[in-house]
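# Architecture and fold: a report
Residues per chain, in single letters:
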Amino acid sequence: MDHTRTDFPDGFLFGVATSAYQIEGSQFGGAGPCHWDSFAATPGNVVRAEDGALACDHYHRWEEDLDLIAGLGAEVYRFSTSWARVLPDGVGQPNVEGLDFYDRLVDGMLARGIKPAATLYHWELPQPLADRGGWRNADMPEWFAEFTETVMRRIGDRVWSAAPINEPWCVGWLSHFDGAHAPGLRDIRATARAMHHILKSHGRSIEVMRGLGMKNLGAVCNFEWAEPASDAPEDQAAARRYDAIYNRFFLGGLFKGQYPAEVLEGLEPHLPDSWQDDFALIGQPLDWLGVNYYTRQRIRHKDGAWPNYEPAGPLLPLTQMGWEIYPDGLRDFLIRNARDYSGDLPIYVTENGMANADTPETPDTARIDYLNAHLHAVRQAMDARAPVAGYFVWSLMDNYEWSLGYEKRFGLIHVDFDSLARTPKASYDALARWWRDTPA
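Let me sum up the structure you'll find in this document. (Residues numbered from 1 in each chain as written. Predicted model: local features only at pLDDT ≥ 70, side-chain atom pairs only at ≥ 80, totals over all residues. Heavy atoms only, no water.)

On to the nonpolar core, then. Among the nonpolar cores identified, the biggest contains 139 residues, and Val 16, Trp 36, Trp 83, Trp 135, Leu 334 and Val 378 are the most heavily contacted of them. For this core, the element with the most residues is helix 10 (residues 233-256), which contributes ten residues. Not counting residues within four places of it along the chain, the set of residues in contact with Leu 334 comprises Val 291, Ile 347, Val 349, Val 378, Ala 381, Ala 386 and Val 388. Core analysis: the next-biggest nonpolar cluster, separate from the first, contains nine residues, Leu 13, Ala 117, Ala 163 and Trp 288 among them. (Core = buried A, V, L, I, M, F, W, Y, C linked by side-chain atoms within 4.5 Å. Buried < 20%, exposed > 50% of the residue type's maximum accessible area, 1.4 Å probe, protein only. Helix = DSSP H or I, 4+ residues; strand = E, 2+ residues; numbered from the N terminus. Contact = heavy atoms within 4.5 Å.)

Below, the structure is given as structure tokens:
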């Protein structure tokens with residue numbers, strides 16, 4: 001790594017991130033079915049119809065995995081809780097085994113000097129709630145509040161930070177408009193309802209956690225830098241529309257009490273009645289903002305129905321996901337988000353990393369280069385006075401990559417999905433030397 005600890009101020013935190021369904025193994029510990037199980041079982045949705053039933057078996061191997069985090073020198077572990085594991089029916093009687101698992105996990109982090117950063121929801125909605133309409137249902141904020149209270153009454157006294165919902169754009173738009181993630185819908189009305197109810201659920205969750213006396217609460221949004229494919233006015237307008245849907249809709253709700261006009265052009269007729277009255281709940285005060293960033297998208301106009309845009313294709317080198325490597329976008333989001341939305345609140349880069357087709361025998365130098373470049377972008381943003389307080393790598397280990405199954409490898413640690421053996425990669429070793437201030 002080209003950086004040293006002295007490049008970042010005292011108190012700047014480094015960490016790694018994972019999510020429950022991608023690593024735990026949903027077949028264990030009394031977890032109920034979730035809508036990803038159903039989505040994956042539908043032909044054509046997921047590569048080889050793979051699901052998270054076994055995943056990395058973190059449910060049984062959590063101590064080994066926490067030891068690997070400690071060995072890396074990471075100060076923060078950003079993990080998520082499985083709603084279906086804690087409340088198999090979505091509401092009602094908790095699963096004691098599930099709560100006990102997260103109890104052990106948090107205590108294990110603390111015993112190793114790792115700060116637990118909890119995300120309540122990372123995409124695995126209990127199937128009984130999906131059967132009732134899921135995020136389209138106006139009751140979702142109260143269901144989510146019950147889930148929040150159930151989990152945080154058990155572990156909320158010991159987590160370092162908490163956020164309600166990971167990447168609301170993926171939960172809302174990608175899953176209900178693009179149909180690429182569970183529940184796999186392509187329905188503009190479902191999208192509008194889901195996106196609004198996600199933000200209301202976020203607000204109710206923050207209310208519940210504040211009521212429990214919790215502090216250090218934030219929101220984690222994903223961002224994709226949007227650039228017009230040309231100077232043509234229609235391409236410029238298409239890029240602004242893409243930026244509004246992907247990047248500004250959720251920030252507008254959280255910090256400004258309004259949605260961008262470019263999004264309302266398409267979604268307003270489908271939003272719930274009196275949606276304008278919900279911003280006091282949505283805009284609950286936050287302690288920090290989380291930024292998940294991977295790539296940019298070049299956008300051009302497309303004739304037809306709203307939103308009238310399409311990707312124009314990449315120009316730069318790509319990751320295994322086919323995503324452009326564009327570190328400047330991370331720098332620019334950190335600066336823009338602070339300037340236009342979150343102000344002086346600390347910003348954490350809660351996810352950043354790359355998928356790479358590496359093996360234990362092939363050093364993942366491409367990942368090291370990617371991390372180097374994006375850490376340089378973080379440093380540039382801080383030099384421009386963006387209040388960045390931490391950087392967390394996605395991901396600790398190779399895992400279930402949703403509709404792409406187990407093909408795409410984001411991990412600092414290689415996982416053999418037959419034996420489940422963990423093998424640290426060159427990127428793990430490089431970060432461990434740097435984060436521990438040990439020479440190469």
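If you walk through the whole model with that rule in mind, you get 33 salt bridges. Here Asp 107 makes a salt bridge to Arg 158, at a shortest N to O gap of 2.7 Å. Of this pair, Asp 107 sits in helix 5 (residues 96-111) while Arg 158 sits in the loop between helix 7 (140-155) and strand 4 (161-165), and the two are 51 residues apart along the sequence. Taken together, the salt bridges that share partners define one network made up of Asp 100, Asp 103, Asp 107, Arg 154, Asp 157 and Arg 158. (Salt bridge = Lys/Arg side-chain N within 4 Å of Asp/Glu carboxyl O.)

Let's shift gears to helix 13 (residues 327-342). Spanning 16 residues, helix 13 covers 21 Å between terminal C-alpha atoms, matching the ideal 22 Å at 1.5 Å per step. Along its length, helix 13 reaches its greatest deviation from straightness, about 25°, at Arg 336. Of all the positions in helix 13, only Pro 327, Gly 329, Leu 330, Phe 333, Leu 334, Arg 336, Asn 337, Ala 338, Tyr 341 and Ser 342 are classed as buried. Packed against the buried residues of helix 13 are strand 5 (218-228), helix 10, strand 6 (288-301), strand 8 (347-351), helix 14 (365-383) and strand 9 (388-394). Count one or two residues on from helix 13 and you reach Gly 343, which has phi positive near 60°. (Expected span 1.5 Å × (residues − 1). Bend = angle between axes of the 7 residues up to and from the residue.)

That bond from Trp 306 to Pro 307 is cis: its omega, 20°, falls within 30 degrees of zero. Position of Pro 307 among the secondary structure elements: in the loop between strand 6 and strand 7 (309-311). Geometrically, the link from Trp 394 to Ser 395 is a cis peptide bond, its omega value of 10° lying close to zero. Following the sequence through the fold, Ser 395 ends up in the loop between strand 9 and strand 10 (413-415). Positive phi outside glycine occurs at Arg 48, with the angle close to 55°. Among the secondary structure elements, Arg 48 is positioned in the loop between helix 2 (35-41) and helix 3 (58-72). On the accessibility criterion, Arg 48 (53% relative accessible area) is exposed. A positive phi angle, close to 50°, is found at Asp 57, a residue other than glycine. Its place among the elements puts Asp 57 in the loop between helix 2 and helix 3. Residue Asp 57 is classed as buried on the basis of its relative accessible area of 11%.

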